[in-house]
Amino acid sequence: MYLNILLLRKLFSTLTLLSLIIGCADTKNKNDVSWHDIARKEMVHNQIVARGIIDTNVINAMLSVERHKFVPEELERLAYNDYPLPIGEEQTISQPYIVALMTEKLTLQNSDKVLEIGTGSGYQAAILSLITQEVYTIEIIPSLAQSAAERFKELGYNNVFVKCGDGFLGWPEAAPFDAVIITCAPPDVPQPLIEQLAEGGRLIVPLGEDFQVLTLYKKADGKLERTDIAPVRFVPMKGIIEEQ
Ligand code: SAH
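Parameters at a glance
- Throughout this description, residue numbers start from 1 for each chain and increase along the sequence as written.
- Reporting of local features is limited, given that this is a predicted model, to residues whose pLDDT is at least 70; pairs of side-chain atoms are given and counted only at 80 or more, and all residues count toward the totals for whole chains, interfaces and linings.
- Computation of side-chain values: all heavy atoms of the structure, hydrogens and water removed.
- Pairing between two strands is assigned when DSSP locates at least 2 bridges connecting them.
- By definition, any uninterrupted DSSP run of H or I lasting at least four residues is a helix, any uninterrupted run of E lasting at least two residues is a strand, and each is numbered from the N terminus.
- Axis geometry follows a simple rule: fit a line to the C-alpha atoms, using only the stretch in contact for helices, then measure angles between N-to-C directions, giving values from 0 to 180 degrees.
- Residues are treated as being in contact if the distance between any of their heavy atoms lies within 4.5 Å.
- One side-chain nitrogen of Lys or Arg within 4 Å of one carboxyl oxygen of Asp or Glu is enough to make a salt bridge.
- Exposure classes here rest on a 1.4 Å probe applied to the protein chains alone. A residue is buried below 20% of its type maximum, exposed above 50%, and partly exposed in between.
- If even one non-hydrogen atom of a residue comes within 4 Å of a molecule or strand, that residue is called near it.
- Any N or O atom pair separated by 3.5 Å or less is treated as a polar contact, with the protein-specific requirement of one donor-capable and one acceptor-capable atom, and with residues adjacent in sequence counted only for side-chain atom pairs.
- The method behind every accessible area is Shrake-Rupley, applied with a 1.4 Å probe, and residues are considered shielded solely by the protein chains displayed.

### Things to note about the sheet that holds strand 9 (residues 223–232)
At step 1: As summarised here, the arrangement of the seven strands in space is 5-4-3-6-7-8-9, forming an open sheet in which the pairing is mixed. Each edge of the open sheet carries a strand with a single partner, namely strand 5 (160–164) and strand 9. Adjacent strand axes in the sheet meet at a mean angle of 15 degrees, parallel and antiparallel pairs treated alike.
At step 2: The sheet contact formed by strand 4 (residues 134–139) and strand 5 spans five bridges and is parallel. Bridge pairing in strand 5 links Tyr 136 to Phe 161.
At step 3: Here helix 5 (residues 123–131) sits on the sheet in contact with strand 3 (113–117), strand 4, strand 5 and strand 6 (177–182), set at roughly 170 degrees to strand 4.

As structure tokens, then:
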């Protein structure tokens, strides 16, 4: 009898200890702030807001998208730094500020449909997808198109549609687009992309060869109005455009 009571007591104290441990683990998870959450807030504060980005939709999207999940694992620690990073296949994910600047210049509405040329890691498309209704993105390198599509699925970016192909031709089945963003550098804007831009639409592109000028176009009365924004460096656009 005495032994039974002892055993019961032991069992009871073990259970109490266990529930305490589980309780502690729970509390820790709820209050846990990871290094990337801190780094992301700092990135937005020091690189984005400090340089004059004011569109709250852009700021909130940059606060929300987990950039470290869009870079190769070995570069995760550098994901929130103030520069572009390699993503394989000799391509790069753009500097966070340039992503924010290009997005802001597109003056996006919730109901907009956007076309991106140059999916790369998918980071820019993920930012756009939090601000607009639908994002169509085209990538010419099959392995990048595939890994970006998997990433969108895994992270729940369900309003992003990926196609592997030459972005020169655009996505006629889904046109017209309220905004077009080209994240590789062509010497001139491909004609099909101008045609697929809606009336009142905006198109942003790094224009040029070795060095480029970030250029914004607005379509008004069927014509394009051009504004030069800043000197930039992007990887060149490949494919059909090289033959022209
Ligand atoms: N927006 C990307 C970065 C783009 S890097 C991101 O957020 O990570 C430029 C990308 O454009 C590269 O992945 C490159 O393969 C792609 N590209 C180059 N020429 C292209 C073309 N003609 N059509 C579609 N994608 C192209």
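### Topic: the pattern of salt bridges
At step 1: Evaluation of the coordinates by the stated rule reveals five salt bridges.
At step 2: Taking the shortest distance from any N to any O, the salt bridge between Arg 202 and Asp 112 comes out at 3.0 Å. Residue Arg 202 is found in strand 7 (residues 197–208), and its partner Asp 112 is found in the loop between helix 4 (96–105) and strand 3; the two are separated by 90 residues along the sequence. Note on accessibility: Arg 202 and Asp 112 belong to one class, buried.
At step 3: The salt bridge involving Arg 226 is made with Asp 228; its shortest N-O contact spans 2.9 Å.
At step 4: Relative accessible area serves as the criterion here: at 48%, Arg 226 is assigned to the partly exposed category.
At step 5: With a relative accessible area of 47%, Asp 228 lands in the partly exposed category.

### A short note on the site of the ligand
At step 1: Near the ligand you find 25 residues, and of these Ser 121, Glu 139, Asp 166, Gly 167 and Lys 238 are the closest.
At step 2: In the model, an oxygen atom of the ligand is placed 3.0 Å from a nitrogen or oxygen of the Gln 124 main chain.
At step 3: Contact distances for the ligand include 2.6 Å between an oxygen atom and a side-chain N or O atom of Glu 139.
At step 4: Across the complex, the protein chains shield 100% of the 590 Å² of accessible surface that the ligand would expose by itself.
At step 5: The set of elements that each furnish at least two residues to the shell around the ligand consists of strand 2 (91–93), strand 3, helix 5 and strand 4.
At step 6: The element that contributes the greatest number of residues to the shell around the ligand is strand 2, accounting for three residues.

Bear in mind that shape data such as this cannot, by itself, settle questions of function.
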